[in-house]
Amino acid sequence: RRMLPHVATPLQWRMLNARAFESRGTDDPVDGVAASGNPIRDSVSGYIDWMLDQAIARSASDVHLEQTDNGGRIRLRMDGVLTDADHPPRELSLALASRMKLLAGMNLGEKRLPQDGSATFRVSGRNVDCRVSSIPSLHGECLAVRILMDNDEQRTLNDLGMDPGVRSIIDR
């Protein structure tokens, strides 16, 4: 069998290697995560699903996608603190930013001015509303995605964990 040379970008090379050498155990992704627990990195949409699924599983209120000089950085805001979640390669990070802007109804051609948009995703069987903001930076656009969950359950004052003395004042 004869081999033919091909030209590929670094992102395409990583995707081909992952597809060829990664043992997933199954070809069917479940909620954006392969059977091995690794994110599906061979599609931007799959990566966004994985990113949002991770944020919801960790009870994060925001997802920050930042461009750096050597790639991207994804951070989750949990209890007011930003924590690193992943460091995608530069090509993937730029593609993620473009895809999120497209889904949020933002202007893809405008990269010098801040923008706002919104999108609704289906994650783990639930509708998730997201507010997306972009701001230009030195190495590309940075995005902040605010996650707004549909809370179907009714909450009571007892769920707030108030001190009983304060609760008695409120009940009066």
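Bear in mind the structure is a predicted one, so any value in this text is a computation, not a measurement.

### Focus on the side chain of serine 93
- Structurally, serine 93 can be placed in helix 3 (residues 90-103).
- Among the polar contacts listed, one links the side chain of serine 93 to the side chain of glutamine 67, at a separation of 2.8 Å.
- Once you skip the residues sitting within four places of it in the chain, serine 93 turns out to touch Leu65, Glu66, Gln67, Gly72 and Pro88.

### Re the pattern of salt bridges
- One pass over the structure, following the stated rule, counts eight salt bridges.
- Glutamate 66 is the partner of arginine 73 in a salt bridge, and the nearest nitrogen-oxygen pair spans 2.7 Å.
- Arginine 73 sits in the partly exposed class, given a relative accessible area of 26%.
- Salt-bridge contacts for aspartate 171 lead to arginine 167; the nearest nitrogen and oxygen are separated by 3.0 Å. Of the two residues, aspartate 171 and arginine 167 are both situated in helix 4 (residues 164-171); the distance of four residues between them amounts to about one turn of the helix.
- The network of salt bridges with shared partners includes Asp62, Arg77 and Arg146.

### Notes on the sheet that holds strand 6 (residues 140-149)
- An order of 3-2-1-6-5-4 is seen for the six strands of this open sheet, with the pairing classed as antiparallel. The two strands at the open ends of the sheet, each matched to only one other strand, are strand 3 (81-86) and strand 4 (115-123). Here the average twist between neighbouring strands, direction ignored, is 25°.
- Bridge analysis of strand 1 (residues 62-68) against strand 6 gives four bridges, and the strand direction is antiparallel. Within the sheet, the bridge partner assigned to leucine 65 lies in strand 6 and is leucine 143.
- Across the sheet, helix 2 (residues 44-57) is in contact with strand 1, strand 2 (71-78), strand 3, strand 4, strand 5 (126-137) and strand 6; its angle to strand 4 comes to roughly 85°.
- Along the sheet face, helix 3 touches strand 1, strand 2, strand 4, strand 5 and strand 6 and points at about 135° away from the line of strand 1.

### Structural notes on the environment of leucine 103
- For leucine 103, the position within the fold is in helix 3.
- Residues leucine 103 and alanine 119 lie 16 residues apart in sequence; the distance between their C-alpha atoms is 6.0 Å.

### Let's talk about the pairing of strand 2
- Strand direction decides the pairing type here: strand 1 and strand 2, joined by seven bridges, are antiparallel. Its bridge partner lying in strand 2, threonine 68 is registered against glycine 71.
- In this antiparallel pair of consecutive strands, strand 1 and strand 2, the connection spans two residues.
- Both strand 2 and strand 3 contribute to a ladder of five bridges, which runs antiparallel. Of the residues in strand 3, the one forming a bridge with arginine 75 is aspartate 84.
- Count of turn residues in the strand 2/strand 3 antiparallel hairpin: two residues, of which aspartate 79 carries a positive phi of about 55°.

### Notes on the confidence of the model for the chain
- When the pLDDT values of the chain are averaged, the result is 81; 80% of them are 70 or greater.
- Across the chain, strand 1 holds the top mean pLDDT of 96, while helix 1 (residues 10-21) sits lowest at 69.
- Note on residues 23-37: pLDDT under 50 across the span, and 20 contacts to partners over four residues away in sequence or across chains.

### Describing a nonpolar patch on the surface
- Together, Leu157, Leu160, Val166 and Ile170 make up an exposed nonpolar region whose accessible area comes to about 350 Å².
- Among the secondary structure elements, isoleucine 170 is positioned in helix 4.

### Thoughts on unusual backbone geometry
- Located in the positive-phi region is serine 59, a residue other than glycine, with phi close to 55°.
- Relative to the helices and strands, serine 59 is located in the loop between helix 2 and strand 1.
- Of note, aspartate 79 is a non-glycine position whose phi angle comes to about 55°, a positive value.
- With respect to the secondary-structure elements, aspartate 79 resides in the loop between strand 2 and strand 3.

Rules behind the numbers
Residues numbered from 1 in each chain as written. Predicted model: local features only at pLDDT ≥ 70, side-chain atom pairs only at ≥ 80, totals over all residues. Heavy atoms only, no water. Helix = DSSP H or I, 4+ residues; strand = E, 2+ residues; numbered from the N terminus. Polar contact = N/O pair within 3.5 Å; in protein donor to acceptor, adjacent residues only side chain to side chain. Contact = heavy atoms within 4.5 Å. Salt bridge = Lys/Arg side-chain N within 4 Å of Asp/Glu carboxyl O. Buried < 20%, exposed > 50% of the residue type's maximum accessible area, 1.4 Å probe, protein only. Pairing = 2+ DSSP bridges. Axes fitted to C-alpha atoms, helices over the stretch in contact; angles between N-to-C directions. pLDDT = per-residue confidence, 0-100. Patch = residues over 30% accessible without salt bridge, like charges linked within 9 Å, V, L, I, M, F, W, Y side chains within 5 Å. Areas by Shrake-Rupley, 256 points an atom, 1.4 Å probe, with all protein chains shown as cover.

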